[in-house]
Amino acid sequence: MSAAPSEPTGTAPGPRRATIAFIFVTVLIDVLAIGLIIPVLPRLVQDFVGGDTAMAAAMFGLFGTSWALMQFLFSPILGALSDRFGRRPVILLSCLGLGLDYVFMAMAPSLGWLFVGRLFSGITAATFSTALAYISDVTPPEKRAASFGIMGAAFGSGFVLGPAVGGLLGGLSPRAPFWVSAALALINVVYGYFVLPESLSREHRRAFDWKRANPVGALSLLSKRKGLLGMVAVYGIYMLAHQALQSTFVLYTQHRYGWDARTVGLMLAGVGACTIVVQGGLVRHVVRHFGERRTLLLGLTGGMCGFIAYALAGTGPALMASVPIFGLIFFTGPPLQGLMSRRVQPNEYGLLQGANASIMGIAGIIGPVMFSQVFAFFLVPHGGIAVPGAAFFLGAGLLACALVLAWRVTRVDGASPAAAAASAAAPATNPPGEPTA
């Protein structure tokens, strides 16, 4: 792997921008590959069970839960490995594994083999969390929220373009998107091999430790860093609330407004566009003027109001008009990631992002069951009143809890751009024997 330098090339603005561009493309291609199979995976599962829709729905739910479980179990391991061996090899090997796994699923002769492939996909699809650790390595604290926003824009772009292209390819064959996804992931490996430098210097690396490289051990790190556990709790509640949209939106709009797949797709494309606009363009300016803390609180408040607007919208056009309100929720992630990254050492960035991915996995396990059951329960009138938007009201309540918690745990950090700069310049308070940034 001599084609790329093994250590960071410096801290000049030019190289840093180029490196972030490389990671942006990496995340975009990987998420695009994942998005390509979204429209066809349920259809392929249904084909394997003989067209039984009920059985296909049950099996597809199992696929989703198992994928999230793999993320929960293995993300801390990959994060710890990136803290030990560097970000570059973990990113490249994850991309390679993902590409080969798409080939495996494209050729799967039975539902059982397709399920095995999906399990491996959950293990290897860790590029995003490792990419966030990479961004933490190469970006100064006061600029991380903007860089995390760019990564969020890549994520949103992939999920806007991926399903649309996947739907077109699925018209040719339900396996065609798997082959295209494999090609994109493997091309990305070649791209990264030649252009992606290592970001974690050897003096900042940490020995691999199984006690830390598991979900419980990774989360134990958070309790040892002042204020970090509360911020991660905010992140967990935020990710859980977001499951309300993913778990019930299609059924909700079909039941309440009679929307078809095309209308739902256009609506979700609008939500994806909000992700791109907010995280790719606006968040850096808002953080610069108002600081990470206020931007975070704005995002949680906007998401809470957006969920309430979704739940109360009496017509389809009213729901569509609520999208810009809900779009404010995308101000949440980048400043929150920036605040969390200040609380750990450079050789713990990977472990932090692995712990965050595990929390996202927990949300992915709990959220679909919780929100779908709430949605189903309140479709039936209780006391003569049916509340089809109950899942969105629950999402708003969770974000309200996250808002109160965020208000408390971030009262010192990130209150303003000046405070952020002062925090970045202050000496780090490290446990004995651990290197400073």
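Being a predicted model, the structure only gives us computed values, none of them experimental.

Asker: For this particular structure, what's the right way to read the environment of His255?
Answerer: Relative to the helices and strands, His255 is located in helix H10 (residues 228-257). The spatial distance from the C-alpha of His255 to the C-alpha of Pro388 is 8.3 Å, given a sequence separation of 133 residues. Those residues in contact with His255 that lie beyond four places of it in its chain are Leu379 and Pro388.

Asker: What is the right way to read the packing of helix H2 (residues 41-48) against helix H5 (residues 111-124) from this model?
Answerer: Geometrically, a packed helix pair is captured by the angle between its two axes and the distance between the axes. Packing of H2 against H5 leaves a shortest axis separation of 10 Å and a crossing angle of 150 degrees. One way to sum up the angle between H2 and H5 is to call them roughly antiparallel. Residues Leu41, Leu44, Val45 and Phe48 of H2 pack against Leu111, Leu114 and Arg118 of H5. When grouped by side-chain class, the residues that make up the contact of H2 with H5 number 6 nonpolar, no polar and 1 charged.

Asker: Could you clarify how one ought to interpret H10 in this entry?
Answerer: In an α-helix there are 3.6 residues to a turn, and that puts residues three or four apart on one side. With 30 residues, H10 should reach 44 Å at 1.5 Å per residue; the first-to-last C-alpha distance of 42 Å fits that figure. Within H10, 21 of the 30 residues are buried, which leaves the element mostly enclosed by the surrounding structure. Looking one or two places after H10, you find Gly258, whose phi comes out positive at around 70 degrees.

Asker: Can you walk me through the packing of aromatic side chains in this structure?
Answerer: The description of an aromatic ring pair uses the distance of the two centres, along with the angle that the planes make with each other. Considering all chains together, one arrives at 14 aromatic pairs under this definition. On the numbers, 5.1 Å between centres and 90 degrees between planes, the contact of Tyr193 with Phe194 is edge-to-face. On the basis of an interplanar angle of 65 degrees and a centroid distance of 6.5 Å, the ring pair of Phe249 and Trp259 is categorised as edge-to-face. With Phe249 in helix H10 and Trp259 in the loop between H10 and helix H11 (261-312), this pair connects stretches of sequence that are 10 residues apart. The pair formed by Phe249 and Trp259 is uniform in burial state, with each residue classed as buried. Each residue in the set Phe249, Tyr252, Tyr257, Trp259, Phe307, Tyr310, Phe326, Phe330 and Phe392 is aromatic and connected to the rest through ring pairs, giving one cluster. Stacked on the ring of Phe85, the Lys or Arg Arg84 has its end atom at 4.7 Å from the ring centre. The residue whose ring lies beneath Arg293 is Trp407, and the NZ or CZ to ring-centre distance is 4.5 Å.

Asker: Could you clarify how one ought to interpret the nonpolar core in this entry?
Answerer: Burial of nonpolar side chains together is a common tendency in soluble globular proteins. Leu300 and Tyr310 are the most contacted members of the largest nonpolar core, which totals 57 residues. Only H10, H11, helix H13 (323-327), helix H14 (333-341), helix H15 (349-379) and helix H16 (390-409) provide two or more residues apiece to this core. No other element matches the 15 residues that H11 contributes to this core. Setting aside chain neighbours within four positions, we find Leu300 in contact with Val234, Tyr238, Thr332, Leu399, Ala402, Leu403 and Ala406.

So, how was this worked out
- Throughout, residues of each chain are indexed from 1 in the direction in which the sequence is written.
- Per-residue local features are limited, in this predicted model, to residues with pLDDT of at least 70; the limit for side-chain atom pairs, both in listing and counting, is 80 or more; totals at the level of whole chains, interfaces and linings are taken over all residues.
- In computing side-chain values, all of the structure's heavy atoms are included and hydrogens and water are not.
- A helix here means a DSSP run of H or I that spans at least four residues, while a strand means a run of E at least two residues long, and both kinds are numbered starting from the N terminus.
- The contact criterion used is simple: two residues touch if any of their non-hydrogen atoms lie within 4.5 Å.
- Only the stretch in contact is used when a helix axis is fitted, and all axes are lines through C-alpha atoms; the angle between N-to-C directions ranges over 0 to 180 degrees.
- Note on angle classes: values under 35 degrees are labelled roughly parallel, values over 145 roughly antiparallel, values of 65 to 115 roughly perpendicular, and the remainder oblique.
- Under the scheme applied here, ten amino acids are nonpolar (Ala, Val, Leu, Ile, Met, Phe, Trp, Tyr, Cys and Pro), four are charged (Asp, Glu, Lys and Arg), and all others, including Gly, are polar.
- Expected span of a helix: the number of residues minus one, times 1.5 Å.
- Burial classes: relative accessible area under 20% of the type maximum marks a residue as buried, over 50% as exposed, and values in between as partly exposed (1.4 Å probe, protein chains only).
- Ring pairs shown here join Phe, Tyr and Trp side chains whose ring centres sit within 6.5 Å, with only the six-membered ring taken for Trp; geometry is labelled stacked below 30 degrees between planes, edge-to-face above 60, and tilted in between.
- Two limits define a charge over a ring: the Lys NZ or Arg CZ must be within 6 Å of the ring centre, and within 35 degrees of the ring normal.
- Residues belong to one nonpolar core when they are buried, are Ala, Val, Leu, Ile, Met, Phe, Trp, Tyr or Cys, and are joined through side-chain atoms within 4.5 Å.

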